[in-house]
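Tertiary structure, described
Chain residues, written in single-letter form:
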Amino acid sequence: MTSSPSHPTAPSRTALSRRGFIRGTGALSGSSLLSHAAQARADLKTQQARKAENDPARYVPRFFTAEEYRFLCHACERIFPEDENGPGALALAVPRFIDKQMQTPYGQGDLWYLHPPFGNGPPELGYQLPYGPQELYRRTIEPINTHCLMTYNALFADLTTTQQDEVLHKLEDGVLQFNDIPGAVFFEQLRTNTLEGAFADPLYGGNDAMGGWKMMGFPGARADFMDWVNQQGAPYPLGPVGMPPNVAPYGPDALHDEED
Amino acid sequence: MTDHVTPPKKPDVLIIGAGWAGSIMAKELTEAGLHVTMLERGHDHSTAVEGAYPESIDELRGAIRKRLFQKLARTSLTIRNHPTQTALPYRQLAAFLPGEGVGGAGLHWSGCHFRTTEDELRLRSVTQERYGRNFIPDGMFLQDYGVSYQELEPFFDKAEKVFGTAGEASSVRGQATGGGNIFAPDRSDHFPLPPLADTFSASLFRKAATEVGFHPYSMPAANASQPYTNPYGCQMGPCNFCGYCSGYDCYLYSKASPNVNILPALRQDKRFTLITQAQVLEILLDDDRKTATGVRYIDLTTQSEQTMQADLVILSAFQLHNVHLMLTSGIGQPYDPVTQTGVIGRNFTYQTITSSRVWLPKTHFTNQFVGAGGGGVAIDDINHPGLDRGKAGFIGGSPIWVNQAGTKPINAALSSGGKGAPRWGHAYKTAMIDQYRHSLSIDAHGSNMAYRDVYLDLDPTWRNAYGQPMLRMTFTWKENDIRMNQYAVQHIGQIAKAMGATKIALNSLQHGQNFDSRLYQTTHLNGGVIMGENPKTSAVNRYLQSWDVSNLFVIGSSAFPQGLGYNPTGLVAALAYWSAYHIRHTYLRNPGPMVTA
Ligand SMILES: Cc1cc2nc3c(=O)[nH]c(=O)nc-3n(C[C@H](O)[C@H](O)[C@H](O)COP(=O)(O)OP(=O)(O)OC[C@H]3O[C@@H](n4cnc5c(N)ncnc54)[C@H](O)[C@@H]3O)c2cc1C
Ligand code: SF4
């Protein structure tokens, strides 16, 4: 049996007005007052300026120290490496994303219940440490580097990728523990934030150029599949669109809106 | 604290919580001519503001940072698996996601909108009749609701019309339609809207399930398949399968929510007042402790404590908070698992769900981001009353379905790998992308029975931001439900093969496996203030009226004696309409207990 969906004869008003938001790649940018050449020059200039400003390699972290950030860059890239599938964490600006997230209420731990007393229990009962994400990073990266110095005589960032993977496995498997922070807890935090940074809207500083979405075949903020409910297994044909930058209230310093 | 106390005018009715249950009660009781004030702890939410595109479809902000859910920093609960353990706080939202703010979880639910099977409402009686008393395991608190499917039918129907539910009837007034779920009980009317279209994944499941000999049907969905105006004059637009139901508010006015389907009508009624940022701490009682006089709450905008009086109090703060407020208010005897006496917190249940995965050939793209929250194709062959439980060896049942509701990439990436497969690195990345493009999931969404040592009470140690003891949950999986889940999952294997799977990962509960609060299951929590026919084993009567305090009605899945195979909200809404009907037609004419104990 096939059901009989009704396709509306015309797109709804919401769907129409919504198009105005979409930052399409082929959007018209010309103004009739400017010559084509002048327009092109102006476009190039703003593009270059924006590029320099947005270059993930030039990003100066606000939360992480330079050494912590160097760790983060290398660890994220091992978790989500560049390969034949596409860009890795570095190219996607994941470390920048994580640094920006640290400056939100989430980073400060305001989204978690962090009231004392703090106890220990089986893993099924969930996270029980007194720290928010900021503190988890701050209290763990340095001891990991110390561990690397003692074991390999070099900081994490300077190890071979094989050695870096070894350390990450030891964290994931809970072999390492740093004071009250089990390696596995830190690893989960790092893995979670890395994958978030690879696939969150570019607005938050990661998923640079929507590279994560392109790799997955995810069309981003399109959110309209009226004609694509069932195309018999064909791949969705349109590339991704991101959110316009003017939704700033929910931008990098997001989530204040829901807190009082 | 006290510089802002303007005693408000006394309404006739106070409603605690502005979700589905509260909004339905508010609509019904204002229609009855009463002045109703609804108190909601969270902010107001409207499609035009919080639901506006594109902010509403931001995965990081939505399902990942959980902007619409309960603010744990203020109040949470503690969890343990067994009564001998020390329960620990639920510090990060994961297994279940209670709502907060106007609309409650009804704003960010998916929209799977079911009734019940005919048997589930009298499960104890049916089980005894068919399989004998001894078939009920020791320690299982199997009970009847005290209300029958036939009695609730008009209210299921009413809720579907208010929600604009899309589906296909099987039998209407005794006439078979030739479609729909052949196991579904008779209905007084069709669904108000035709079923949603099948996604590619759902269409494969429909075909394969038929080939294997099962009976697939379109899942009833409160996602509008066409433009719709409900009986309250509230309008819905057609769903475009954007995939942002679960965890989000629908930007297209297509998913039913209290905000879209009830409140627009209610807000125009002068008898109705909504107070947001009002955290209710206690239901106040008269000296005789048999009459509620009103509530005590904190106005979060001024941090000042207020009291408000009313003749009738409706507690509809969601299952967990209904139980919590009954306990903090000292209404009804708290359940004690040792003596097995008391009722508040008794029969706490959940949903026994596992997801299995099916990979298709690389030529097939499942486009998992396409979907509607309530849409899909299901079979009831392991859930319907006719299944021989004596042979199968369990009580309960489990629908099986492909409910491709829109999987976004962060969630897809986080949940990929594990169970022996890498969770990071190159091999993970390759497998994860392949899984996103070419696989689909099939869920076994089963019932969950009630047990002597599974319950809710107050935690002795941890407190919420208002200084109250938090709720304590004692919960784990039990043999009967694990057997039921495993039985259902076996059948998924058959269907997956018929779908032409290149790889199948069946996932079922394992004996001895504890409930894991770190993994999302569902927010289908039930019981703790259950309805029934005996005040020794239930907290509210069949009209959801407190046995102890007759001007208090407790509405929500807290009333379910055990968990359903289906999702709960269809029954929550029907019970709210049922209760409201009897308040309007019986209670208001003659206030007092509607059932003599
Ligand atoms: C992600 C998700 C998906 C879901 N999908 C489905 C589905 O597909 N099908 C289905 O049937 N069900 C689904 N559910 C469950 C469904 O949302 C609930 O069953 C339903 O919303 C319950 O309605 P309610 O009115 O009882 O509670 P809610 O809708 O949660 O409303 C309760 C309200 O009370 C308020 N409140 C609580 N405590 C207080 C207090 N002390 N003072 C003042 N106010 C208070 C809360 O803030 C909340 O707004 C889903 C739930 C979630 C979270
Ligand atoms: S899938 Fe449909 S009902 Fe769900 S949010 Fe999108 S448009 Fe709304």
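What this report covers is the structure whose coordinates are included nearby. (Residues numbered from 1 in each chain as written. Chains lettered and ligands numbered in written order. Predicted model: local features only at pLDDT ≥ 70, side-chain atom pairs only at ≥ 80, totals over all residues. Heavy atoms only, no water.)

**Here's the deal with the overall build of chain B**
Summing up its helical and strand segments, chain B has 13 helices and 22 strands in all. Over its C-alpha atoms chain B spans a radius of gyration of 23 Å, differing by no more than 12% from the 25 Å that the globule rule assigns to 597 residues. Projected onto the principal axes, the alpha-carbon positions of chain B cover approximately 70 × 55 × 55 Å. Counting over 597 residues, chain B shows a buried share of 68%. Across chain B, every contact between residues at least 6 apart in sequence was considered, and the portion connecting residues at least 24 apart equals 75%. A gap of 5 Å separates the mean positions of the 52 positive and 49 negative side-chain charges of chain B. (Helix = DSSP H or I, 4+ residues; strand = E, 2+ residues; numbered from the N terminus. Rg over C-alpha atoms; globule rule 2.2 N^0.38 Å. Buried < 20%, exposed > 50% of the residue type's maximum accessible area, 1.4 Å probe, protein only. Contact = heavy atoms within 4.5 Å. Lys, Arg positive; Asp, Glu negative; His and termini not counted. Charge placed at Lys NZ, Arg CZ, Asp CG, Glu CD.)

**Describing the pattern of salt bridges**
In total, this model carries 37 salt bridges over all chains according to the counting rule given. Its salt-bridge partner being B:Lys429, residue A:Asp83 comes within 3.2 Å of it at the nearest N-O pair. Of this pair, A:Asp83 sits in the loop between helix H3 (66-79) and helix H4 (94-102) while B:Lys429 sits in helix H11 (residues 425-438), each in a different chain. Between B:Glu160 and B:Arg115 there is a salt bridge, with its nearest N and O atoms 2.8 Å apart. Highlighted residues: B:Glu160 in helix H4 (residues 149-163) and B:Arg115 in the loop between strand S4 (88-89) and helix H3 (123-131), separated in sequence by 45 residues. We classify B:Glu160 as buried; its relative accessible area is 1%. On the accessibility criterion, B:Arg115 (8% relative accessible area) is buried. The network of salt bridges with common partners includes B:Lys27, B:Glu28, B:Glu31, B:Lys158 and B:Arg584. (Salt bridge = Lys/Arg side-chain N within 4 Å of Asp/Glu carboxyl O.)

**Re the site of ligand 1**
Residue and element names in this part refer to chain B. Close contacts around ligand 1 come from 37 residues, with Ala21, Glu40, Arg41, Cys112 and Thr569 the closest. The separation between an oxygen atom of ligand 1 and a polar side-chain atom of Glu40 is 2.7 Å. In isolation ligand 1 offers 990 Å² of accessible surface; the protein chains occlude 98% of this area. Of all the elements in the fold, those that place two or more residues in the shell around ligand 1 are helix H1 (20-31), strand S11 (278-285) and helix H8 (319-329). Per element, the largest residue contribution to the shell around ligand 1 is 3 residues, and it comes from S11. (Near = heavy atom within 4 Å. Polar contact = N/O pair within 3.5 Å; in protein donor to acceptor, adjacent residues only side chain to side chain. Areas by Shrake-Rupley, 256 points an atom, 1.4 Å probe, with all protein chains shown as cover.)

**Comments concerning the packing of aromatic side chains**
Residues and elements named next belong to chain B. Applying the stated criterion across every chain yields a total of 42 aromatic pairs over all chains. Between Phe348 and Phe475, the aromatic rings sit 5.8 Å apart at their centres with planes inclined by 75°, giving edge-to-face as the arrangement. Of this pair, Phe348 sits in the loop between H8 and strand S15 (352-359) while Phe475 is found in the loop between strand S20 (469-474) and helix H12 (479-498), placing the two residues 127 residues apart along the sequence. With respect to burial, Phe348 and Phe475 carry one shared label: buried. Geometrically, the ring pair formed by Phe394 and Tyr487 is edge-to-face, given 5.2 Å between the ring centres and 65° between the ring planes. Taken together, the residues Phe394 in the loop between helix H9 (389-392) and strand S17 (400-402) and Tyr487 in helix H12 connect sequence positions 93 residues apart. An aromatic cluster of three or more residues is present, and its members are Tyr90, Phe96, Phe348, Tyr350, Phe475, Trp477 and Phe515. (Phe/Tyr/Trp six-rings, centres within 6.5 Å; stacked < 30°, edge-to-face > 60°.)

**A short note on the side chain of B:His582**
Residue placement: B:His582 occurs in helix H13 (residues 569-587). The residues contacting B:His582, other than those within four sequence positions of it, are B:Tyr543, B:Tyr587 and B:Met594.

**Considerations on the sheet that holds strand S13 (residues 304-309) of chain B**
Sheet strands pair via backbone hydrogen bonds, and the direction of the pair is either parallel or antiparallel. Residue and element names in this part refer to chain B. Spatial ordering of the open sheet is given by S11-S12-S13, a layout of 3 strands whose pairing is antiparallel. Looking along the sheet, the strands with just one partner apiece sit at the ends: S11 and S13. Pairwise comparison of adjacent strand axes, ignoring direction, gives a mean angle of 25° for this sheet. Pairing analysis gives 6 bridges linking strand S12 (residues 292-299) to S13, with the strands arranged antiparallel. Residue pairing in the sheet places Tyr297 in a bridge with Gln306 of S13. (Pairing = 2+ DSSP bridges. Axes fitted to C-alpha atoms, helices over the stretch in contact; angles between N-to-C directions.)

**Focus: H1(B)**
An α-helical turn contains 3.6 residues, so a residue and the one three or four places further along point in the same direction. All names here are of chain B. Here H1 contains 12 residues, and its C-alpha end-to-end distance of 17 Å stays within 8% of the 16 Å for a straight helix at 1.5 Å per residue. Burial within H1 is extensive, with 11 of its 12 residues counted as buried. Along H1, the residues that are buried comprise Trp20, Ala21, Gly22, Ser23, Ile24, Met25, Ala26, Lys27, Glu28, Leu29 and Thr30. Gly33, located one to two residues past H1, shows a positive phi value of around 95°. (Expected span 1.5 Å × (residues − 1).)

**With respect to the sheet that holds strand S10 (residues 272-275) of chain B**
Residue and element names in this part refer to chain B. The strand order S10-S2-S1-S14-S22 describes an open sheet built from 5 strands, whose pairing is parallel. Lying at the two open borders of the sheet, with one neighbouring strand each, are S10 and strand S22 (552-554). Taken pair by pair, the neighbouring strands of this sheet meet at an average axis angle of 15°, ignoring direction. Pairing between strand S1 (residues 13-16) and strand S2 (residues 36-39): 4 bridges, direction parallel.

**Observations regarding the site of ligand 2**
Around ligand 2, the surrounding shell holds 14 residues, and the nearest of these are B:Cys239, B:Cys242, B:Tyr244, B:Cys245 and B:Cys250. A per-class count over the shell around ligand 2 returns 8 nonpolar, 5 polar and 1 charged. (Nonpolar A, V, L, I, M, F, W, Y, C, P; charged D, E, K, R; others polar.)

**Quick word on the nonpolar core**
Core analysis: the largest hydrophobic core is formed by 211 residues, its most contacted members being A:Phe80, B:Phe96, B:Ile314 and B:Met473. If one sorts the elements of this core by residue count, H13(B) sits on top with 11 residues. Discounting residues that sit within four places of it in the chain, B:Met473 has contacts with B:Leu77, B:Thr78, B:Ile79, B:Arg80, B:Phe96, B:Leu320, B:Phe348, B:Tyr455, B:Leu456, B:Phe515 and B:Leu525. Counting 27 residues, the second largest nonpolar core, distinct from the first, contains B:Ile382, B:Leu440, B:Ala488 and B:Val489. (Core = buried A, V, L, I, M, F, W, Y, C linked by side-chain atoms within 4.5 Å.)

**Observations concerning the environment of B:Pro98**
All names here are of chain B. Relative to the helices and strands, Pro98 resides in the loop between S4 and H3. In sequence terms Pro98 and His321 are 223 residues apart; their C-alpha atoms lie 9.5 Å from each other. If sequence neighbours within four positions are ignored, Pro98 has contacts with Phe69, Gln70, Leu93, His108, Phe318, Leu320, His321 and Thr523.

**Concerning the interface of chain B and chain A**
Listed per partner, the contact involves 82 residues of chain B and 90 residues of chain A. Carbon and sulfur atoms supply 60% of the area that chain B and chain A bury against each other, a total of about 7,200 Å² over both sides. Put simply, chain B and chain A have 4 salt bridges between them. Between A:Glu196 and B:Arg65 there is a salt bridge, with the nearest N and O atoms lying 2.6 Å from each other. In this assembly, chain B and chain A are joined by 37 residue pairs in polar contact (both at pLDDT 80 or more). Sort the elements by how many residues they give to the side of chain B that touches chain A and H11(B) lands first, with 9 residues. When the residues that make up the side of chain B that touches chain A are grouped by side-chain class, the tally is 39 nonpolar, 24 polar and 19 charged. (Buried area = accessible area lost by both parts, 1.4 Å probe.)

**Details of the packing of H3(A) against H4(A)**
Residue and element names in this part refer to chain A. Look at H3 against H4: their axes get within 9 Å of each other, and the N-to-C directions meet at 125°. Here H4 runs oblique to H3, going by the angle between their axes. Our pair here, H3 against H4, has a crossing hand that is right-handed. Where H3 approaches H4, its residues Tyr69, Leu72, Cys73 and Cys76 are matched on the opposing element by Val94, Pro95, Arg96, Ile98 and Asp99. (Parallel < 35°, antiparallel > 145°, perpendicular 65-115°, else oblique. Left-handed = near helix turned anticlockwise from the far one by under 90°.)

**Re the packing of H3(A) against helix H5 (residues 133-152) of chain A**
Residues and elements named next belong to chain A. Relative orientation of the contacting elements H3 and H5 amounts to 80°, with a least axis distance of 10 Å. By the criterion of interaxial angle, the relationship of H3 to H5 is roughly perpendicular. In this structure, H3 contributes Glu67, Glu68, Phe71 and Leu72 to the contact, and H5 contributes Tyr137, Arg138, Ile141, Ile144 and Asn145. In terms of residue class, the contact of H3 with H5 is made up of 5 nonpolar, 1 polar and 3 charged.

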